[in-house]
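Structural overview
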Amino acid sequence: MQLTPDLLLHAYSIGAFPMAEGRDDPEIFWVDPKLRGILPLDGFHISKSLARIIRKETYQITINQDFLGVVAGCADRDETWINAEITERYHDLFQLGYAHSVEVWDNEQLIGGVYGVSLGGAFFGESMFSRRSNASKIALAYLIDRLNRAGFLLCDTQFLTTHLASLGGVEIPRAEYKNMLREALSRQADFTAPPLARGQDVLQRRTQIS
């Protein structure tokens, strides 16, 4: 079956997402896990040390300025599920306005980011990366702020890692996820609408600092 933007959007709408076994493996398979990872939009956790970094704003944040750079950063690891076709199809979704990226910069150097797909009031986080300590956490903090301000109901992380759990991520059963997904898809939200937030604003909106 040929991977197309329409097929990708349909898969997300029913709770499935694609992966490849590796960078050089052309085969793509679909995943619909029994336990789904999500980041509750009202329970994102920021440590005091991360809050200090965000408050200082010693970085620059952009939205949708280097989508392919973020995807490439996410795939730049020993083991990755992002192959060439996945990169191309998500770039198609980006050009159609469904895929988005949050970039973290140190001057002109891309040091971290996160990308994913938005559909209705659901955001499906695909991957994130860091080339500097805490860069992916900074990207996620700005992502969650944006999703809250834009009216999203769901931030899907697919799986729950230790890293995501430390930020407030949880696992929920498939049936509960599908119910949340249906409700989120009935909501209209615009990822691009909110203006760029300042660090202090990110810390004040629906985050838990400890």
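Nothing here was measured: the structure is a model prediction, and the numbers come from that model.

1. Some points on the overall build of the chain
When helices and strands are counted, the chain shows eight helices and eleven strands. Expected size for 210 residues packed as a compact globule is a radius of gyration near 17 Å; at 16 Å, the chain falls within 12% of this value. Over its C-alpha atoms, taken along the principal directions, the chain stretches across nearly 50 × 35 × 30 Å. Burial status across the chain gives 52% buried among its 210 residues. When the accessible surface of the chain is totalled, it reaches about 10000 Å², and 48% of it is carbon and sulfur. Put simply, the chain has 21 plus and 26 minus side-chain charges, and the middle of one group is 10 Å from the middle of the other.

2. Looking at helix α5 (residues 135–150)
Helix length check: α5, at 16 residues, gives a terminal C-alpha distance of 23 Å against a target of 22 Å (1.5 Å per residue), a fit within 8%. Within α5, 14 of the 16 residues are buried, leaving the element largely enclosed by the surrounding structure. With its phi angle positive at about 90°, Gly 151 sits one or two positions after the end of α5.

3. Let's talk about the sheet that holds strand β6 (residues 99–106)
Hydrogen bonds along the backbone pair up the strands of a sheet, which may run parallel or antiparallel. Across the sheet, which stays open at both edges, the seven strands sit in the order β5-β6-β7-β8-β9-β3-β10 with mixed pairing between neighbours. Bordering the open sheet on either side are β5 (60–63) and β10 (170–173), each of which pairs with just one other strand. Along the sheet, successive strands turn relative to each other by an average axial angle of 35°, direction set aside. Note that strand β8 (residues 122–130) and strand β9 (residues 154–158) share three bridges and pair parallel. Paired with Ala 122 across the two strands is Leu 154, which belongs to β9. Lying on the sheet, helix α3 (residues 67–75) is in contact with β6, β7 (109–119) and β8; it crosses β7 at an angle near 100°. Where α5 meets the sheet, its contacts fall on β5, β6, β7, β8 and β9, and the angle it forms with β8 comes to roughly 160°.

Cut-offs applied
Residues numbered from 1 in each chain as written. Predicted model: local features only at pLDDT ≥ 70, side-chain atom pairs only at ≥ 80, totals over all residues. Heavy atoms only, no water. Helix = DSSP H or I, 4+ residues; strand = E, 2+ residues; numbered from the N terminus. Rg over C-alpha atoms; globule rule 2.2 N^0.38 Å. Buried < 20%, exposed > 50% of the residue type's maximum accessible area, 1.4 Å probe, protein only. Areas by Shrake-Rupley, 256 points an atom, 1.4 Å probe, with all protein chains shown as cover. Lys, Arg positive; Asp, Glu negative; His and termini not counted. Charge placed at Lys NZ, Arg CZ, Asp CG, Glu CD. Expected span 1.5 Å × (residues − 1). Pairing = 2+ DSSP bridges. Axes fitted to C-alpha atoms, helices over the stretch in contact; angles between N-to-C directions. Contact = heavy atoms within 4.5 Å.

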